[in-house]
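# Per-entry structural report
Single-letter residue listing:
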Amino acid sequence: MEVSLHANMCDATTSRIAHALRAPFKSLGSALSKDYGGTMKNLWIDLELIESRAKPRPFRFQKKVGGSSPDKLTGLPREVHENVGHYSVCPDFEKLRQLPQDSVVSYVLGVVYVSTSVLLDKRKKLGGLDAERFRADFVTACEQLGHAVIAENGPG
């Protein structure tokens, strides 16, 4: 399973957070991209960082994302992703404003970690995905990157 984490949508008040998350998100995605069984081949998690528009999208599992191949106009192959799980999470923006910059990454990783509990609920639909191992690997990978996961119950 290929894992991608993104904080693409931000505004002037959260751009520093998005910037701080780029490297950890990329490293974490690489560390978690391995076989966890089941039918999901891609997991995309988006962090919503525009407070006025922040509305988390629930988990959605799609058999095919990206259109058809080859492209009808150019004849070139288009990127098609199969068996994609995708959802988004929102942090507690008030908490983000209060945190020192050096705690923001750990807090956000905790928000994302808590959100992965959706995989526990959906594992049967996902063909027996080993969600427990994925979540354990998530915490281990964060620690190896030098970030403790602050796993509070909260938005997500």
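Residues numbered from 1 in each chain as written. Predicted model: local features only at pLDDT ≥ 70, side-chain atom pairs only at ≥ 80, totals over all residues. Heavy atoms only, no water.

## Structural notes on the pattern of salt bridges
Under the counting rule described, the total for this entry stands at seven salt bridges. Where Arg57 meets Glu48, a salt bridge forms, and the shortest distance between an N and an O atom there is 3.0 Å. The partner of Arg97 in a salt bridge is Glu94, and the shortest N-O contact between them spans 3.2 Å. Within this pair, Arg97 and its partner Glu94 are both found in helix α2 (residues 93–98), separated by three residues, close to a single helical turn. (Salt bridge = Lys/Arg side-chain N within 4 Å of Asp/Glu carboxyl O. Helix = DSSP H or I, 4+ residues; strand = E, 2+ residues; numbered from the N terminus.)

## Quick notes on the packing of aromatic side chains
One pass over the structure, following the stated rule, counts three aromatic pairs. Ring plane angle 50° and centroid distance 6.1 Å describe the contact between Phe59 and Tyr87, whose orientation is recorded as tilted. Pair noted here: Phe59 is in the loop between β2 (42–47) and β3 (60–65) and Tyr87 is in strand β4 (residues 81–89), with a separation of 28 residues, a long-range link. Accessibility expressed as a relative area gives 14% for Phe59, which makes it buried. Seen from their ring centres, Tyr113 and Phe138 are 5.8 Å apart, and the 45° between their planes marks the pair as tilted. Placement of the pair is Tyr113 in helix α3 (residues 101–115) and Phe138 in helix α5 (residues 131–144), with a sequence separation of 25 residues. Judged on exposure class, the residue Tyr113 and its partner Phe138 are both buried. Against the face of Tyr113 rests Arg135, its NZ or CZ located 4.2 Å from the ring centre. (Phe/Tyr/Trp six-rings, centres within 6.5 Å; stacked < 30°, edge-to-face > 60°. Buried < 20%, exposed > 50% of the residue type's maximum accessible area, 1.4 Å probe, protein only. Lys NZ or Arg CZ within 6 Å of the ring centre and 35° of its normal.)

## Brief notes about the packing of α3 against α5
Remark: α3 packs on α5, axes separated minimally by 10 Å, with the N-to-C direction vectors making an angle of 170°. One element, α3, and the other, α5, form an angle in the roughly antiparallel class. Here α3 contributes Leu109, Val112, Tyr113 and Val114 to the contact with α5, which in turn contributes Arg135, Phe138, Val139 and Cys142. Tallied by class, residues from the contact of α3 with α5 come to seven nonpolar, no polar and one charged. (Axes fitted to C-alpha atoms, helices over the stretch in contact; angles between N-to-C directions. Parallel < 35°, antiparallel > 145°, perpendicular 65-115°, else oblique. Contact = heavy atoms within 4.5 Å. Nonpolar A, V, L, I, M, F, W, Y, C, P; charged D, E, K, R; others polar.)

## Thoughts on the environment of Gly37
By the secondary structure assignment, Gly37 is in the loop between α1 (15–32) and β2. Judged by its relative accessible area of 30%, Gly37 is partly exposed. C-alpha separation for the pair Gly37 and Leu129, spaced 92 residues apart in sequence, amounts to 5.0 Å.

## Digging into the confidence of the model for the chain
Taken residue by residue, the chain gives an average pLDDT of 89. The fraction at 70 or more is 86%. Mean pLDDT across the secondary structure elements of the chain bottoms out at β3, with 84, and peaks at α5, with 97. (pLDDT = per-residue confidence, 0-100.)

## Quick look at the environment of Ser117
Within the fold, Ser117 resides in helix α4 (residues 117–122). Between the C-alpha atom of Ser117 and that of Glu132, which follows or precedes it by 15 residues, the distance is 8.9 Å. For Ser117, the side chain forms a polar contact with the main-chain oxygen of Val114, separated by 3.0 Å. (Polar contact = N/O pair within 3.5 Å; in protein donor to acceptor, adjacent residues only side chain to side chain.)

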